[in-house]
Amino acid sequence: MTDVDAGFWTTVADTVAAVCLLAGAFLTFAAGVGTLRFPSLLARMHAVTKPQVLGLILGLTALALRVRNWSAVAMLVLVVIFQLATAPVGAHLVSRAGFRTGKVDETELQPNEMDPSSTDDPH
Amino acid sequence: MAVVVVVAAVLVVSAALLALRRIEKGPSMLDRALGLDLLTASLVGAIAIEAAWSRRTETIPILVALSLVGFVGSVVISRFVAREPDGDGEVRSPEEVAAQARAADVPRGEQFGGDHPGESDEADGDRRERRNRS
């Protein structure tokens, strides 16, 4: 399987990569279960966020430990930066649209910062 | 490593199937957007597992593209499709679609000459109430 030298550090890197891969895949699976089982929109969004950030970082760490190639690692860091920049935008817009179309139970929000009667500017 | 790769692939594929189930169930477009996000995340995970297994680096640009484009779907849905008319989140049978088209035909022909099928939905009287799951 491996064409690099099968030294001690290679074994260590492969083992850490395997653990990271399993953890990332488990987070993705947990998000799948949460997406299907959780009752409300915001709870499902909480579950979906897990593989988008931590699961991605774990999987890409495993990939970097397996390929051990600096140009590949630079691109993987770029992937993480892009994901960290775009995932909050998508989650924010989905939750705001859910709130404005009445899909969020406002009595569950403590405190409800989108309440128009609150003193803060909700927009 | 082979066992780890197989277990991780099974976990990621079942997560993708659960996301597909959520996309099919809805009940709103925003839930489908979340399912789409999870589908993209599991696709990224699957590509990473394959690249880690075969030590390939050619597929890494796909990850860059997916992480950049993946959020566009949920942004577009929440900006433009979130405010759906009542009953839009339900999958209707062909008979119901035909009945609604027949009921909507008369006002559409009078008002717009049949050019605006989306507007004529407002004239439909017997839509079921969409259930908000909260």
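For clarity, every value in this text was computed on a predicted model and none was experimentally measured.

Draft legend 1. The overall build of chain A, seen in detail. Across its full length, chain A holds three helices and zero strands. Counting helices and strands in the order they occur from the N terminus, chain A gives α-α-α. Taken across its 123 residues, chain A has 39% of its residues classed as buried. In chain A, once contacts between residues fewer than 6 apart in sequence are set aside, the share between residues at least 24 apart is 51%. In the structure as shown, chain A presents an accessible area of about 6,700 Å², 66% of it carried by carbon and sulfur atoms.

Draft legend 2. Structural view of the interface of chain A and chain B. Of the residues lining the interface, 51 residues belong to chain A; the matching set on chain B comes to 49 residues. Ranking the residues of chain A by area buried against chain B places A:L36, A:R66 and A:K103 at the top, with a combined share of 15%. The tally of links between chain A and chain B comes to two salt bridges. Note that B:D31 and A:R44 form a salt bridge whose closest N and O atoms lie 2.1 Å from each other. Counting only elements with at least two residues in the side of chain A that touches chain B, the list comes to α1 (8-37), α2 (41-67) and α3 (70-100) of chain A. Considering each element in turn, the side of chain A that touches chain B owes the most residues, 15 residues, to α3(A).

Draft legend 3. Focus on the pattern of salt bridges. Scanning all chains against the criterion turns up seven salt bridges over all chains. Among the salt bridges present, the one from B:E24 reaches B:R21, with a minimum N-O distance of 2.4 Å. Placement of the pair is B:E24 and B:R21 together in helix α1 (residues 2-25), with a separation of three residues, close to one helical turn. Taking the relative accessible area as the measure of exposure, B:E24 reaches 49% and is therefore partly exposed. Of the residues examined, B:R21 reaches a relative accessible area of 41% and is grouped as partly exposed. Ionic contacts of the salt-bridge type, sharing partners, join the residues A:D14, A:R66, A:R68 and B:R55 into one network.

Draft legend 4. The arrangement of the UniProt feature "transmembrane region" (unreviewed entry) in chain B in detail. Per the UniProt record, "transmembrane region" (unreviewed entry) is found at residues 34-53 and 60-82 of chain B. Counting secondary structure, residues 60-82 of chain B comes out at 96% helix and 0% strand; the distance between its end C-alpha atoms is 33 Å.

Draft legend 5. Focus on the environment of A:C20. Residues and elements named next belong to chain A. The residue C20 is located in helix α1 in this model. Judged by relative accessible area, which is 12%, C20 ranks as buried. Taking the C-alpha atoms as reference, C20 lies 9.0 Å from L63; in sequence the two are 43 residues apart.

Draft legend 6. Representation of the nonpolar core within the structure. Counting residues in each nonpolar core, the largest one holds 29 residues, and the members touching the most others are A:L21, A:L60, A:L63, A:L76, A:V79, B:I49 and B:L63. If you list the elements that add at least two residues to this core, you get α1, α2 and α3 of chain A together with α1, α2 (29-54) and α3 (60-81) of chain B. Core analysis: the next-biggest nonpolar cluster, separate from the first, contains 11 residues, A:L41, A:A97, B:L30 and B:A82 among them.

Draft legend 7. Summary view of the UniProt feature "transmembrane region" (unreviewed entry) in chain A. Residue and element names in this part refer to chain A. With numbering matched to this structure, UniProt assigns "transmembrane region" (unreviewed entry) to residues 16-36 and 73-94. Taken end to end, residues 16-36 has its terminal C-alpha atoms 31 Å apart, with 100% of it in helix and 0% in strand. As a span, residues 73-94 carries 100% helix and 0% strand, and end to end its C-alpha atoms are 31 Å apart.

Conventions adopted
Residues numbered from 1 in each chain as written. Chains lettered and ligands numbered in written order. Predicted model: local features only at pLDDT ≥ 70, side-chain atom pairs only at ≥ 80, totals over all residues. Heavy atoms only, no water. Helix = DSSP H or I, 4+ residues; strand = E, 2+ residues; numbered from the N terminus. Buried < 20%, exposed > 50% of the residue type's maximum accessible area, 1.4 Å probe, protein only. Contact = heavy atoms within 4.5 Å. Areas by Shrake-Rupley, 256 points an atom, 1.4 Å probe, with all protein chains shown as cover. Buried area = accessible area lost by both parts, 1.4 Å probe. Salt bridge = Lys/Arg side-chain N within 4 Å of Asp/Glu carboxyl O. UniProt positions renumbered as here; feature names shortened; annotations may be inferred. Core = buried A, V, L, I, M, F, W, Y, C linked by side-chain atoms within 4.5 Å.

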